[in-house]
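Tertiary structure, described
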Amino acid sequence: MPNAFSPNGDGRNDLLTVYAGAGVAEVLLMQAYNRWGGLVYEAQNFAPGSRGWDGTHKGEAAPSGIYLCRLRLLLLDGREVEIGGEVLLVR
């Protein structure tokens, strides 16, 4: 997953999505939280790269800043792994 994205409609890096290697079968959970711990995006059960956060929350553009991301992935060998990190939303 990239550590920054810029959802400005220019067709480049407009969506925060999961770019996974061949060992990942499915994204079981993807969540993004604002700096106060509020959930601003959630998606479940999708193929890597097929969905992602467009930088909006409740129909409004989310402000620039650092967001926390949490992922739960299903690997091809049947294991589930959780990873997390920070992402910068740039406007």
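What comes next is a walk through the structure.

1. Details of the overall build of the protein chain
Each helix and strand counted, the protein chain has 0 helices and 9 strands in total. Compactness check: the protein chain gives a C-alpha radius of gyration of 13 Å against a globular reference of 12 Å for 91 residues, within 12% of the reference. Here the protein chain, with 91 residues, has 33% of them falling under the buried criterion. Once local pairs closer than 6 in sequence are excluded, the contacts in the protein chain between residues at least 24 apart make up 48%. Within the protein chain, the 10 negative side-chain charges are centred at a point lying 4 Å from the centre of the 8 positive side-chain charges.

2. What to know about the packing of aromatic side chains
Applying the stated criterion across every chain, the model contains 3 aromatic pairs. Relative to Tyr67, the ring of Trp53 lies with its centre 5.1 Å away and its plane at 70°, an arrangement referred to as edge-to-face. A residue pair is termed long-range when its members are at least 10 positions apart, and Trp53 in strand β5 (residues 52-53) and Tyr67 in strand β8 (residues 65-75) qualify at 14 residues. Here Trp53 falls in the buried class, since its relative accessible area comes to 0%. When its relative accessible area of 5% is taken as the criterion, Tyr67 is described as buried.

3. Regarding the pairing of strand β4 (residues 39-46)
Looking at chain direction, strand β3 (residues 24-33) and β4 are connected through 6 bridges and run antiparallel. Its bridge partner lying in β4, Gln31 is registered against Glu42. Taking the residues between adjacent antiparallel strands as the criterion, β3 and β4 are bridged by 5 residues, where Gly37 takes a positive phi near 85°.

Thresholds applied
Residues numbered from 1 in each chain as written. Predicted model: local features only at pLDDT ≥ 70, side-chain atom pairs only at ≥ 80, totals over all residues. Heavy atoms only, no water. Helix = DSSP H or I, 4+ residues; strand = E, 2+ residues; numbered from the N terminus. Rg over C-alpha atoms; globule rule 2.2 N^0.38 Å. Buried < 20%, exposed > 50% of the residue type's maximum accessible area, 1.4 Å probe, protein only. Contact = heavy atoms within 4.5 Å. Lys, Arg positive; Asp, Glu negative; His and termini not counted. Charge placed at Lys NZ, Arg CZ, Asp CG, Glu CD. Phe/Tyr/Trp six-rings, centres within 6.5 Å; stacked < 30°, edge-to-face > 60°. Pairing = 2+ DSSP bridges.

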